[in-house]
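Topology and contacts: notes
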Amino acid sequence: MTASAGPHGLMLCDDLIFFSRVSGAARAAGLTVRMVRTQTDLLVAARSAAPGGIILDVHNPGLDLPGLLAELKTVCEVVPRVTAYGSHVEADVLRAARQAGCDRVLPRSQFVKDLEAKIGAWLGS
């Protein structure tokens, strides 16, 4: 499988309603984003077609962020940008995402506020 014609991304989350909001913003910007529910699914998808960017919910069940970021370096020729979001009340979780190496870490409220304006940058366009 080869990469799609335009910039694209993967979103690791288990909230279909929230994903539809993100995919709608991506579509409006001429981009595509695919939802994956597990870290394993994300790595399989990234291996088959390297994404321009990855968006992830730091509260995704079973997420090993340092392990995921390390493995992305082995499965993608060019490591995609990683934008993480999570609850603003769990500052320690957001701080851990920054320390793990995410390119951008935002409280979910800021992520939603910036979504339409910044989706292109988050997905690597």
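Anything mentioned here points back to the structure above.
Everything numeric here is computed off the predicted structure, so don't read it as measured data.

Overview of the packing of helix H2 (residues 39-48) against helix H3 (residues 65-75)
At a closest axis distance of 10 Å, the pairing of H2 and H3 adopts a crossing angle of 20°. Relative to H3, H2 is oriented roughly parallel. Seen along the crossing, H2 lies across H3 with a hand that is right-handed. Across the interface between the two elements, Gln39, Leu42, Leu43, Ala46 and Arg47 from H2 touch Gly67, Leu68, Glu71, Leu72 and Val75 from H3. When its residues are assigned to classes, the contact of H2 with H3 shows six nonpolar, two polar and two charged.

Remarks on the sheet that holds strand E2 (residues 32-36)
Backbone hydrogen bonds are what pair the strands of a sheet, in a parallel or an antiparallel way. One open sheet accounts for five strands, arranged E2-E1-E3-E4-E5; its pairing is parallel. A strand with exactly one partner marks an edge of an open sheet, and here the two such strands are E2 and strand E5 (104-107). If you compare each strand with its neighbour and ignore which way they point, the axes differ by 20° on average. Two strands pair when backbone bridges link them, and strand E4 (residues 81-86) and E5 are joined in this way by four bridges, in the parallel orientation. Residue Tyr85 lies in a different strand from E5, and its bridge partner there is Leu106.

Some details on the packing of helix H1 (residues 16-28) against helix H5 (residues 108-122)
For any two helices packed against each other, the geometry is given by the interaxial angle and the distance between the axes. At a minimum axis separation of 9 Å, H1 and H5 run at an interaxial angle of 25°. Classified by the angle between their axes, H1 and H5 sit roughly parallel to one another. Remark: the crossing between H1 and H5 carries left-handed chirality. The segment H1 lies against H5, with Phe18, Arg21, Val22, Ala25 and Ala26 engaging Arg108, Phe111, Val112, Leu115, Glu116 and Ile119. Classifying every residue of the contact of H1 with H5 gives eight nonpolar, no polar and three charged.

Quick word on the state of the cysteines
Applying the stated criterion to the full structure yields zero disulfides. Here Cys13 stays free of any disulfide, with the sulfur of Cys102 as its closest cysteine sulfur at 15 Å. Note on Cys102: no disulfide assigned, nearest cysteine sulfur contributed by Cys76 at a separation of 14 Å.

How each quantity is defined
Residues numbered from 1 in each chain as written. Predicted model: local features only at pLDDT ≥ 70, side-chain atom pairs only at ≥ 80, totals over all residues. Heavy atoms only, no water. Axes fitted to C-alpha atoms, helices over the stretch in contact; angles between N-to-C directions. Helix = DSSP H or I, 4+ residues; strand = E, 2+ residues; numbered from the N terminus. Parallel < 35°, antiparallel > 145°, perpendicular 65-115°, else oblique. Left-handed = near helix turned anticlockwise from the far one by under 90°. Contact = heavy atoms within 4.5 Å. Nonpolar A, V, L, I, M, F, W, Y, C, P; charged D, E, K, R; others polar. Pairing = 2+ DSSP bridges. Disulfide = S-S within 2.5 Å.

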